[in-house]
Amino acid sequence: MSPALTTVDVVVIGAGQAGLSSAHFLERGGLAPDRGFVVLDAGTAPGGAWSHRWRTLRMADVNGVHDLPGFPLGEVDPQARAADVVPAYFAAYEERLGRPVRRPVAVTAVRRAGGRLLVDSAAGTFAARAVLNATGTWTRPFWPRYPGQDAFRGRQLHTADYDGPEEFTGQHVVVVGGGISAVQLLGELSQVAATTWVTRREPEFREDDFGEEQRRAAVALVEQRVAAGLPPGSVVSVTGLPLTPAVAALREAGVLKRHPMFARLVPDGVQWADGSTQPADAVLWSTGFRPALDHLRPLGLREPGGGIRVEGSLVVREPRLHLVGYGPSASTIGASRAARQAVREVLAGR
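Heads up: these notes are all about the structure in this document.

Procedures and definitions
- Residues numbered from 1 in each chain as written.
- Predicted model: local features only at pLDDT ≥ 70, side-chain atom pairs only at ≥ 80, totals over all residues.
- Heavy atoms only, no water.
- Helix = DSSP H or I, 4+ residues; strand = E, 2+ residues; numbered from the N terminus.
- Buried < 20%, exposed > 50% of the residue type's maximum accessible area, 1.4 Å probe, protein only.
- Axes fitted to C-alpha atoms, helices over the stretch in contact; angles between N-to-C directions.
- Parallel < 35°, antiparallel > 145°, perpendicular 65-115°, else oblique.
- Left-handed = near helix turned anticlockwise from the far one by under 90°.
- Contact = heavy atoms within 4.5 Å.
- Nonpolar A, V, L, I, M, F, W, Y, C, P; charged D, E, K, R; others polar.
- Expected span 1.5 Å × (residues − 1).
- Pairing = 2+ DSSP bridges.
- Phe/Tyr/Trp six-rings, centres within 6.5 Å; stacked < 30°, edge-to-face > 60°.
- Core = buried A, V, L, I, M, F, W, Y, C linked by side-chain atoms within 4.5 Å.

1. Section: the side chain of Asp9
- Checked against the element boundaries, Asp9 lands in strand β1 (residues 5–13).
- Residue Asp9 is classed as buried on the basis of its relative accessible area of 15%.

This is the structure in structure tokens:
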């Protein structure tokens, strides 16, 4: 028996910051949950990627959580676990919206059928006039390939697999990556283990305040990339690393002594091009994530530059599709703003 076909006006894929913001604005625009729009989320509970952050990440350490529209997060304990606080906040928001999210419902494909987009999922197929994709990046950790990776006898893990420093006590850990997460994990690991920090490029620490003008310039650079059909690129490549008091203390303590990228892994560690080696028990690939967009492959959206050409959040090759929380709207504040604009455009097209 074939899966059921349900016709709705709008399908939202993903229930993180961008997806919940989209649901809010759709409801404010007059669409009712289930009849006018549905929100499909692959997670088993509210929280999006925040549910999977390492347990030692505290609210004091996160790079900002912007309020969901119409429902402030309020004051929180800076020492509370981010993986507890944010999912609870998202759950309360879903309750406030009338619990519009269907889960766990994984979306397997989005394809064209006449004047509608068909969204194939574990809950059947939805025929939608428009789709707001808000799937984020957490499910697509990026693992670079280097010679000798299969020969290394120690442990290799990604930021997505990391849960805390205790299991590395007394070991030597090579941390690969130049982003904020890499710096945070270096700080934790250095309390219990020896560490070596490796990056492809020399890190740029930002000592000045990152004001409104700088933020606009950073967003503009990412907008230029996605408008040209290029992958968005990493946030830190645009903004640099903020030199907070905690980061400054790590640098002063010598934890943030950067080494250039090694040439290969060897059975007991890593090796540079000059033949020098560093014995290691583990390699932590803090190398970022890629947008989780595999379900959009049937639409053929990729440009020659490797990305999806987007204007605002609208996909140029498929104007019935918006990517919310992608590229310039990947931040928590950007996701909410993009959701508002995307919904405005979707409702105007009815």
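Now that the structure has been shown, we can carry on.
2. Digging into the packing of helix α1 (residues 17–28) against helix α2 (residues 82–96)
- Where α1 meets α2, the axes come as close as 11 Å, and the angle between the chain directions of the two elements is 20°. Considered as vectors, α1 and α2 are oriented roughly parallel to each other. For the element pair α1 and α2, the recorded crossing hand is left-handed. Of the residues in α2, those in contact with Gln17, Leu20 and His24 of α1 are Phe90, Tyr93 and Glu94.
- Its residues assigned to classes, the contact of α1 with α2 comprises three nonpolar, two polar and one charged.

3. With respect to α1
- Here α1 is 12 residues long and its end C-alpha atoms lie 17 Å apart, about the 16 Å a rise of 1.5 Å per residue gives.
- Within α1, 10 of the 12 residues are buried, leaving the element largely enclosed by the surrounding structure.
- Turning to α1, its buried residues are Gln17, Ala18, Gly19, Leu20, Ser21, Ser22, Ala23, His24, Phe25 and Leu26.
- Directly after α1, the chain includes Gly30, whose backbone phi takes a positive value near 105°.

4. Description of the sheet that holds strand β16 (residues 282–285)
- Strand order in the open sheet formed by five strands is β7-β16-β8-β9-β12, with parallel pairing between adjacent strands. Two strands bound the open sheet, and with one partner strand each, they are β7 (155–158) and β12 (258–260). Taken over all neighbouring pairs, the strand axes of this sheet differ in orientation by 30° on average, direction set aside.
- Across four bridges, β7 lies against β16 in parallel orientation. When the sheet's bridge partners are listed, Leu157 is paired in β16 with Leu284.
- Strands in contact with helix α3 (residues 180–189) are β8 (172–176), β9 (194–199) and β16; relative to β9, the strand with the most contacts, it is inclined by about 165°.

5. Quick notes on the packing of aromatic side chains
- Using the criterion set out here, one finds nine aromatic pairs in the structure.
- Centroid distance Phe71 to Tyr89: 5.8 Å. Interplanar angle 20°. Geometry classified as stacked. Here the residue Phe71 occupies a position in the loop between β2 (37–40) and α2, and Tyr89 occupies one in helix α2, the gap between them amounting to 18 residues.
- What makes Phe71 partly exposed here is its relative accessible area of 24%.
- With centroids separated by 6.1 Å and ring planes inclined at 70°, the aromatic side chains of Phe262 and Trp285 adopt a geometry described as edge-to-face. Remark: Trp285 occurs in strand β16 and Phe262 occurs in the loop between β12 and β13 (264–266); sequence separation between them is 23 residues. The pair Phe262 / Trp285 is uniform in exposure class, with both members buried.
- Grouped by ring-pair contacts, the aromatic residues Phe71, Tyr89, Phe90 and Tyr93 constitute a single cluster.

6. Considerations on the sheet that holds β13
- Pairing is antiparallel across the open sheet formed by three strands, whose spatial order is β13-β14-β15. Sheet topology places β13 and β15 (277–279) at the edges, where each strand pairs with a single neighbour. Strand after strand, the sheet turns through a mean of 25° between neighbouring axes, direction not considered.
- Note: strand β14 (residues 269–271) against β15, three bridges, orientation antiparallel. What sits directly across from Gln271, in β15, is Thr277.

7. Looking at the nonpolar core
- With 59 residues, the main nonpolar core has Val10, Leu26, Met59 and Leu132 as its most contacted residues.
- No other element matches helix α7 (residues 332–348), which puts seven residues into this core.
- Apart from residues lying up to four places away in sequence, Leu26 is in contact with Val10, Val12, Leu31, Phe37, Leu132, Val343 and Leu347.
- One finds Val38, Val131, Val226 and Leu301 within the second-largest nonpolar core, a separate group that totals 24 residues.

8. Brief notes about unusual backbone geometry
- Following Arg103, the chain continues to Pro104 via a peptide bond in cis, the omega torsion being -10°.
- Mapped onto the elements, Pro104 comes out in the loop between β3 (101–102) and β4 (107–113).
- We note that Asp34 has phi near 75°; this positive angle belongs to a residue other than glycine.
- With respect to the element layout, Asp34 can be found in the loop between α1 and β2.
- Asp34 gets classed as partly exposed once you look at its relative accessible area, which sits at 43%.
- Although it is not a glycine, Arg99 sits at a positive phi angle of roughly 55°.
- Mapped onto the elements of the fold, Arg99 is located in the loop between α2 and β3.

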